[in-house]
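One-letter residues, chain by chain:
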Amino acid sequence: MNIIVVGLSHKTATVEIREKVAFSPNQIEKPLGELIRLEGIIEGVIVSTCNRVEIYATTRDIAGGIARLKRFMADYHHLACDTLEPHLYSYHAEAAIRHVFRVASSLDSMVVGEPQILGQIKTSYGYAAEFKSSGIILNRFLHKAFSVAKRVRTETKIASSAVSVAFAAVELAKKILGDLSDKTVLLIGAGEMCELAAKHFLNSGAKGVMVTNRTFERAERLAEDFGGEAIQFEALFEHLHRADIVLSSTGAPHCIIGPKDAEDAIKKRRSKPIFFIDIAVPRDIDPKVDKIENAYLFTVDHLQEIVQANLAQRGLEAEKAEEIIDQEIGQFHKWLSTLEVTPTIVALRTRFDEIRRAELDKTIAGWKELPPDAEKRLEALTLAMMNKLLHAPTYVLKQAGQGGRVDLYVDALRQLFELEALQRDDEELELEE
Amino acid sequence: MTHFFFIFTVALYGCATAAYLVCLLRTSPLLTQWAGRLLATGFAAHLLSTIHLAVKMKYVPLTNMQESLSFFSLAIVGGFIFFERKYKVTSLGSFIIPVALMMLVASSTLHMEARLLPPILQSKWFLFHALLAFASYACFTIAAGVAVVYLIQRYFLKTKHLGALFQKLPSLETMDDISYRCLTFGFPLLTVAIISGSVWSEQAMGSYWIWDRKQTWSLIIWLIYAVLLHGRITIGWRGKRAAILSIIGFIVVLFTFIGMKHSIIW
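Residues numbered from 1 in each chain as written. Chains lettered and ligands numbered in written order. Predicted model: local features only at pLDDT ≥ 70, side-chain atom pairs only at ≥ 80, totals over all residues. Heavy atoms only, no water.

The next subject is the interface of chain A and chain B. Between chain A and chain B, the contact holds 24 residues from the first and 25 residues from the second. Both faces considered, chain A and chain B share a buried interface measuring about 1,900 Å² in area, 49% of it formed by carbon and sulfur atoms. Contact with chain B buries area across many residues of chain A, yet Lys-175, Arg-270 and Tyr-296 of chain A alone supply 34% of it, more than any other trio. Viewed at the interface, chain B and chain A are joined by 3 salt bridges. Measuring nitrogen to oxygen at the nearest pair gives 2.7 Å for the salt bridge that ties Arg-154 of chain B to Glu-293 of chain A. At the boundary of chain A with chain B, the tally comes to 14 residue pairs in polar contact (both at pLDDT 80 or more). Residue assignment for the side of chain A that touches chain B shows that the elements contributing at least two residues are helix 8 (165-177), strand 10 (295-299) and helix 13 (300-337) of chain A. Here the side of chain A that touches chain B gets 5 residues from one element, more than from any other, and that element is helix 8 of chain A. Split by residue class, the side of chain A that touches chain B holds 10 nonpolar, 5 polar and 9 charged. (Contact = heavy atoms within 4.5 Å. Buried area = accessible area lost by both parts, 1.4 Å probe. Salt bridge = Lys/Arg side-chain N within 4 Å of Asp/Glu carboxyl O. Polar contact = N/O pair within 3.5 Å; in protein donor to acceptor, adjacent residues only side chain to side chain. Helix = DSSP H or I, 4+ residues; strand = E, 2+ residues; numbered from the N terminus. Nonpolar A, V, L, I, M, F, W, Y, C, P; charged D, E, K, R; others polar.)

What follows concerns the sheet that holds strand 1 (residues 2-9) of chain A. Residues and elements named next belong to chain A. The strand order across the open sheet formed by 4 strands is 2-3-1-4, and the pairing between neighbours is antiparallel. Strand pairing shows two members of the sheet lacking a second neighbour, strand 2 (41-48) and strand 4 (89-92), which therefore form its edges. Going from strand to strand, the sheet's axes swing by 15° on average, the running direction of each strand aside. Relative to strand 3 (residues 52-59), strand 2 is paired through 7 bridges, and the arrangement is antiparallel. (Pairing = 2+ DSSP bridges. Axes fitted to C-alpha atoms, helices over the stretch in contact; angles between N-to-C directions.)

A separate point is the sheet that holds strand 10 of chain A. Where strands meet in a sheet, backbone hydrogen bonds hold them as pairs that are either parallel or antiparallel. Residue and element names in this part refer to chain A. The strand order across the open sheet built from 6 strands is 7-6-5-8-9-10, with neighbouring strands paired in parallel fashion. For this open sheet the edge positions go to strand 7 (229-232) and strand 10, each flanked by a neighbour on one side alone. Across the sheet, the mean angle from the axis of one strand to that of its neighbour is 20°, orientation sign disregarded. Pairing analysis gives 4 bridges linking strand 6 (residues 208-213) to strand 7, with the strands arranged parallel. Its bridge partner lying in strand 7, Val-211 is registered against Ala-230. Contacting strand 8 (245-248), strand 9 (274-278) and strand 10, helix 8 runs over the sheet at an angle of about 160° to strand 9.

It is worth spelling out the pattern of salt bridges at this point. Residues and elements named next belong to chain A. According to the stated counting rule, one finds 29 salt bridges over all chains in the structure shown. Residue Asp-326 is joined to Arg-98 by a salt bridge in which the shortest nitrogen-to-oxygen separation is 2.6 Å. Separated by 228 residues along the polypeptide, Asp-326 in helix 13 and Arg-98 in helix 5 (residues 93-104) bring together distant segments of the chain. Where Arg-102 meets Glu-322, a salt bridge forms, and the shortest distance between an N and an O atom there is 2.9 Å. Of the two residues, Arg-102 sits in helix 5 while Glu-322 sits in helix 13, which places them 220 residues apart along the sequence. Beyond isolated ion pairs, a larger network of salt bridges with shared partners links Lys-11, Arg-52, Glu-54, Arg-102, Asp-108 and Glu-322.

So, on to the nonpolar core. Counting residues in hydrophobic clusters, the biggest one holds 105 residues, and the most contacted among them are Phe-201 and Leu-247 of chain A. Per-element accounting of this core gives the leading share, 16 residues, to helix 5 (residues 124-159) of chain B. Residues contacting Phe-201 of chain A, with those up to four places away along its chain left out, are Ala-169, Val-170, Ala-173, Leu-180, Val-185, Ala-206, Ile-245, Leu-247 and Ile-277 of chain A. Formed by 51 residues, the second largest nonpolar core is a distinct cluster that contains Ala-104, Trp-335, Leu-397 and Val-410 of chain A. (Core = buried A, V, L, I, M, F, W, Y, C linked by side-chain atoms within 4.5 Å. Buried < 20%, exposed > 50% of the residue type's maximum accessible area, 1.4 Å probe, protein only.)

Here's what the structure looks like:
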């Protein structure tokens, strides 16, 4: 049995192409149904996110299967196969396993280590499981992919650092102020980055937002968006001490917060620290503010530096992740290869024969006056019984031929008769979402 | 038996220290878990060893430098385990646990002969006094350890050197909080320890306050922490200033503990 992957991603196709082949999650039942009705395709899962569209399937005919998946992708979206072809990649066997493990572990993402992709694959798998388009192999395969992703996440630092300026600001705030749930953010001025950072702070649990702007109406509008409080720009210094985090990005030509203002504010709040983030160019906050005790000033350049360092760090961590994936591929591949019919029949026979021999030897050894031809007769008897017992399963297995059922039988047989001690650590892994 | 527990404890603290130090350099959830387990097992062995000694000798083992150092270290580890569980601050272990280990090792190098306890040390007041004093010392030690880490972390933030170590260490706020907690535990303990100590002094020497070196320095320690706590509560002393004062306080504690032999006991 072979796993094949066909798809395209941000690395091979522009967003215009990607959106044309995207599968809507609301109507995923239809393509999933069509997918497994394709000739030679046994199981199938469709993963469709804004950065990638991929089909995972199992087949006995690799070349045919891949060709059919490619055509399916084009046909389903009424596109010409030729236009899509250059953007599509396809993998089979070990390469397919590696690809899916890498995608789930977020090594193939646009921002390496971003956490959403795992959830998206879990959701996609959830649909496939719901509409029964995935079977024993893909079930096991994707569970394995989830456990690999989990391992990568816990054993490497691939996702532990912020790779956007706004997130870097939030991470830094946590390092200074600890828990953000009782902290207030003060927004001075408006700007995309500033608003984005404020949103991130609120998402990370910050208690509230104060907004001030030279145009009070704008402050009011923004405050309404965030469910915060608008403050007159002239009254800024009356409220500065109430803020734990100050985000500034005005278009002012000179500094609006000087060291004296910061010192006064901190004195008023009995030395509780303030985290100043200056996103404006030219600067809004005097660099001398950083010299004030319990004031911590970071500019956009500092944050940028953190992001760069984190990205470099992720690159290093990605190498560790690849090693983990290498290990796991071997394990999974081994399991997959046990799902072949002939070796299973051989293993089953061997197991039966072992038991037969052992019991036969025991009986003969304990028999004192053995009649002359008894041994031969017993041998014949037990052999006949064994063959009769094995006849039906062997026949059914061989007849099951192609189709998802044979894998089910093979796997069941291997488990029921303990034909091979398999690694089942991933079995218990539950779908978290 | 006591000796066995003792060696076992030293070994476990040693392993835990190594684990905590490695945790500082590498991220490994498994190692972090093991560091905690090693420490907890070491603490249990330490406690058993102390209890065993107490039962065997029929007194609480706080009567000489060896016993006191061991008890000091026990209290530090106990306190740290409490804060580690509460605040999830494993990385502080790399700074505090080595101190406890050093104290225990120092204690093991001092070999004091078992001796007949002088009657003045058999007083209940002495026992009470010594237990509380060491509990407060342990609080101040943890506060000082946290203060050192606070200053390191503050340095990183001010110089914008936000490397791997910065990521590992706890947030300023958490450390400030722990250090404040330590003070609010330690100071009342010290106060009661000094009072019970003077009651014992009255029993032993016939006077509540004899102005010997130990008593004088204890009073100085009390004043330092009183100033720190007062500054903190009334005018919000935090951060760098509080951290430095907390470290100074600890140095005085250590100086008093090691340098000032008690005129009554020793």
